[in-house]
Amino acid sequence: MPSNSKPLQSSAVINEAVQTLRDGGLVAFPTETVYGLGADAKNPDAIKKIFTAKGRPSTHPLIVHLAAPDKFDAPQIDWTSLVSPWVRDLSEEALLLINAFWPGPLTLVFKKDKSVLNELTGGQDTVAIRAPAHPVAQELLRKFKGGVVAPSANRFGKVSPTSAADVRNEFEGMLDLMILDGGDCEVGIESTIIDLSSGDRAVLLRPGAITPSDIFDKTGIQVYQTGEAINKDLTPRVSGSMRAHYAPTTPLRLYAPGRVLDALSEFPDIKSRVAVAVWDSESSLGHDGHPSVHFEEVIVPSDSTGFASRLYRFLRDLDNQGWDLILFPEPPPGEEWDGVRDRLQRACFGSGPSSSSHASN
Ligand code: TXA
Ligand code: MG
């Protein structure tokens, strides 16, 4: 459920969104991870609109979102009939993962069925699929009765949106877009992506809230890091794996514990106004100050789940506040931090006034 108490969208609004999708239009909708920019996965023209709206290269594949079967009280939901039309082969391993984590923030990559449009896979012979858990997403997908492709509803290279207002700000004046409001996204970073398409190994393509340990604990399946895959050439492109990503326009850097001033050394001629994120578990920064810099502390959650859920909110808000520099603490070691570490590192790399020129997704 969304973490705030906003009422969910009415049936009439969802019906209108369904009609918009059927007519080949775009609908932004909430998921538990981030907001998605949705189009009918069977309509090539609608899919092209997504790439145009985002400014995203057409070779970057999209995720197909499917409705969960609505028999939630059954001990085992039958996902097979739902997923089979999209994939060439649904392995035992895939079904274990699906039963353990769907609906939820886990995307699986399969060899695609021949009916899946090349427009959505960027020409690859694989397809990424997930069933989001957010009730508004589920209602939309159930009523639509088909697959909906949905990248994060941000312009290429920008921070993913975690509220309906974020989506509105992204596309204001550029695009006439229907936006379903489902409140703030609870997970806050994009889904974990696991590649099952090589047949023999499950490979982590993008870290997220569901970690390899969570997967091993619930299914006994060992997930390999991309670098550990047997044949790296088989690993499909993931645009999120480009270094620059999720980037604010304000320069962003990470600082090691207690080393805020070190992080400034890269910027010798600044910086009068610097926002410094500080773990809520720490009483204060404890730095000795700097003659020409005004620091302002922003308290951030020191647990990985709480931090992830608000990371993009902090980045967007701080980016709009006119700071000269934003500093975040380096996430601590540990797999549960991999998702946010990944997003923060990319955000640092792509940040700064020219971020849009070398960013992705
Ligand atoms: O949480 C999420 O996954 C969100 C919400 C809206 O569902 N969606 C999302 O979509 O993050 P997008 O397009 O921003 O990122 C999808 C990632 C991209 O990095 C893309 O390259 C990768 O999934 N991807 C899609 N299809 C793939 C495929 N066939 N093989 C490998 N990677 C794929
Ligand atoms: Mg994205």
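Owing to the predicted nature of the structure, the values given are computational and were not obtained by experimental measurement. (Residues numbered from 1 in each chain as written. Chains lettered and ligands numbered in written order. Predicted model: local features only at pLDDT ≥ 70, side-chain atom pairs only at ≥ 80, totals over all residues. Heavy atoms only, no water.)

### Considerations on the overall build of the protein chain
Part 1 of the reasoning: Tallying secondary structure elements over the protein chain gives 11 helices and 14 strands in all.
Part 2 of the reasoning: Put simply, the protein chain has 361 residues, and 56% of those count as buried.
Part 3 of the reasoning: Sequence-distant contacts, at least 24 apart, represent 67% of the contacts inside the protein chain between residues at least 6 apart.
Part 4 of the reasoning: Surface summary for the protein chain: the accessible area is close to 15400 Å², and the carbon and sulfur share equals 49%. (Helix = DSSP H or I, 4+ residues; strand = E, 2+ residues; numbered from the N terminus. Buried < 20%, exposed > 50% of the residue type's maximum accessible area, 1.4 Å probe, protein only. Contact = heavy atoms within 4.5 Å. Areas by Shrake-Rupley, 256 points an atom, 1.4 Å probe, with all protein chains shown as cover.)

### Details of the pairing of strand E2 (residues 36-40)
Part 1 of the reasoning: Burial analysis of E2 places five of its five residues in the buried class, the great majority of the element.
Part 2 of the reasoning: Two strands pair when backbone bridges link them, and strand E1 (residues 27-29) and E2 are joined in this way by three bridges, in the antiparallel orientation. Opposite phenylalanine 29, over in E2, you have glycine 36 as the bridge partner.
Part 3 of the reasoning: Counted along the chain from E1 to the antiparallel partner E2, the turn is six residues long. (Pairing = 2+ DSSP bridges.)

### Details of the packing of helix H4 (residues 92-101) against helix H8 (residues 212-219)
Relative orientation and spacing of two packed helices are given, respectively, by the angle between their axes and the distance between those axes.
Part 1 of the reasoning: Relative to each other, H4 and H8 sit at 100°, their axes nearing to 10 Å. As summarised for this structure, H4 and H8 are arranged roughly perpendicular, according to the angle between their axes. In this structure, H4 contributes Leu96, Leu97, Ala100 and Phe101 to the contact, and H8 contributes Asp214, Ile215, Lys218 and Thr219.
Part 2 of the reasoning: Here the residues of the contact of H4 with H8 sort into five nonpolar, one polar and two charged. (Axes fitted to C-alpha atoms, helices over the stretch in contact; angles between N-to-C directions. Parallel < 35°, antiparallel > 145°, perpendicular 65-115°, else oblique. Nonpolar A, V, L, I, M, F, W, Y, C, P; charged D, E, K, R; others polar.)

### Notes on the sheet that holds strand E11 (residues 252-255)
Part 1 of the reasoning: The strand order across the open sheet built from four strands is E11-E14-E12-E13, with neighbouring strands paired in parallel fashion. Two strands bound the open sheet, and with one partner strand each, they are E11 and strand E13 (294-300). Each adjacent strand pair in this sheet contributes to an overall mean axis angle of 25°, direction not counted.
Part 2 of the reasoning: Helix-sheet contacts for helix H11 (residues 338-350) involve E11 and strand E14 (325-329), and the interaxial angle to E11 is about 130°.

### Quick word on the confidence of the model for the protein chain
Part 1 of the reasoning: Residues at a pLDDT of 70 or more form 86% of the protein chain, whose mean pLDDT is 88.
Part 2 of the reasoning: A low-confidence stretch, residues 229-237 (pLDDT under 50), is modelled with 14 contacts involving residues beyond four sequence positions or located in other chains.
Part 3 of the reasoning: The model gives residues 355-360 a pLDDT under 50, and that stretch makes 18 contacts with residues more than four places away or in other chains. (pLDDT = per-residue confidence, 0-100.)

### Observations concerning the pairing of strand E8 (residues 192-195)
Part 1 of the reasoning: Residue alternation in E8 divides its side chains into two sets, Thr192 and Ile194 and Ile193 and Asp195, and both sets are buried.
Part 2 of the reasoning: With four bridges joining them, strand E4 (residues 106-111) and E8 adopt parallel strand pairing. Directly across from threonine 107, in E8, lies its bridge partner isoleucine 193.
Part 3 of the reasoning: Where E8 meets strand E9 (residues 202-206), three bridges bridge the pair, whose relative direction is antiparallel. Paired with isoleucine 194 across the strands is leucine 204, a residue of E9.

### A few points about the pattern of salt bridges
Part 1 of the reasoning: On inspection of all chains with the given rule, the structure shows 13 salt bridges.
Part 2 of the reasoning: Between aspartate 342 and arginine 343 there is a salt bridge; the shortest N-O distance is 3.0 Å. Arginine 343 shares its class with aspartate 342; the two are buried.
Part 3 of the reasoning: Among the charged side chains, a salt-bridge network with shared partners connects Arg155, Asp166, Glu170, Arg313, Arg316 and Asp317. (Salt bridge = Lys/Arg side-chain N within 4 Å of Asp/Glu carboxyl O.)

### Let's talk about helix H10 (residues 304-319)
Part 1 of the reasoning: End to end, H10 covers 22 Å across 16 residues, agreeing with the expected 22 Å (1.5 Å per residue, within 8%).
Part 2 of the reasoning: The largest bend along H10 measures about 45° and falls at arginine 310.
Part 3 of the reasoning: When H10 is considered as a whole, its buried residues turn out to be Ser304, Gly306, Phe307, Ala308, Leu311, Tyr312, Phe314, Leu315, Arg316 and Leu318.
Part 4 of the reasoning: The secondary structure elements touched by the buried residues of H10 are helix H7 (164-171), E11, strand E12 (273-279), E13, E14 and H11. (Expected span 1.5 Å × (residues − 1). Bend = angle between axes of the 7 residues up to and from the residue.)

### Structural notes on helix H2 (residues 44-54)
Given 3.6 residues to a turn, an α-helix orients residues that are three or four positions apart in the same direction.
Part 1 of the reasoning: Among the residues of H2, those classed as buried are Ala46, Ile47, Ile50, Phe51, Ala53 and Lys54. Looking straight down H2, one finds its buried side chains confined to an arc of 165°; they lie on one side. In H2, the exposed positions angled more than 90 degrees off the buried face are occupied by Asp45 and Thr52.
Part 2 of the reasoning: On the buried face of H2, the contacting elements are E2, helix H5 (118-121), strand E6 (148-149) and H7.
Part 3 of the reasoning: Among the residues of H2, the N-terminal cap falls to asparagine 43, whose side-chain oxygen and the backbone nitrogen of aspartate 45 are separated by 3.0 Å.
Part 4 of the reasoning: Of the residues flanking the end of H2, it is glycine 55, one or two places downstream, whose phi is positive at about 70°. (Arc of directions from axis to C-beta. Polar contact = N/O pair within 3.5 Å; in protein donor to acceptor, adjacent residues only side chain to side chain.)

### Comments concerning the sheet that holds E1
Part 1 of the reasoning: One open sheet holds the 10 strands; their spatial order is E7-E1-E2-E6-E3-E5-E4-E8-E9-E10, and the pairing between them is mixed. Because the sheet does not close on itself, it has two edges, and the strands there are strand E7 (178-179) and strand E10 (223-225).
Part 2 of the reasoning: Two strands pair when backbone bridges link them, and strand E3 (residues 63-65) and strand E5 (residues 126-130) are joined in this way by three bridges, in the parallel orientation. Bridge pairing in E5 links isoleucine 63 to alanine 128.
Part 3 of the reasoning: Contacts between H2 and the sheet are confined to E2 and E6, with E2 contributing the most and set at about 155° to the helix.

### Considerations on the nonpolar core
Part 1 of the reasoning: Judged by nonpolar contacts, the single largest core of 52 residues is most densely connected at Phe110 and Ile129.
Part 2 of the reasoning: Within the residue set of this core, elements represented by two or more residues are E2, H2, H4, E4, E5, H7 and E9. (Core = buried A, V, L, I, M, F, W, Y, C linked by side-chain atoms within 4.5 Å.)

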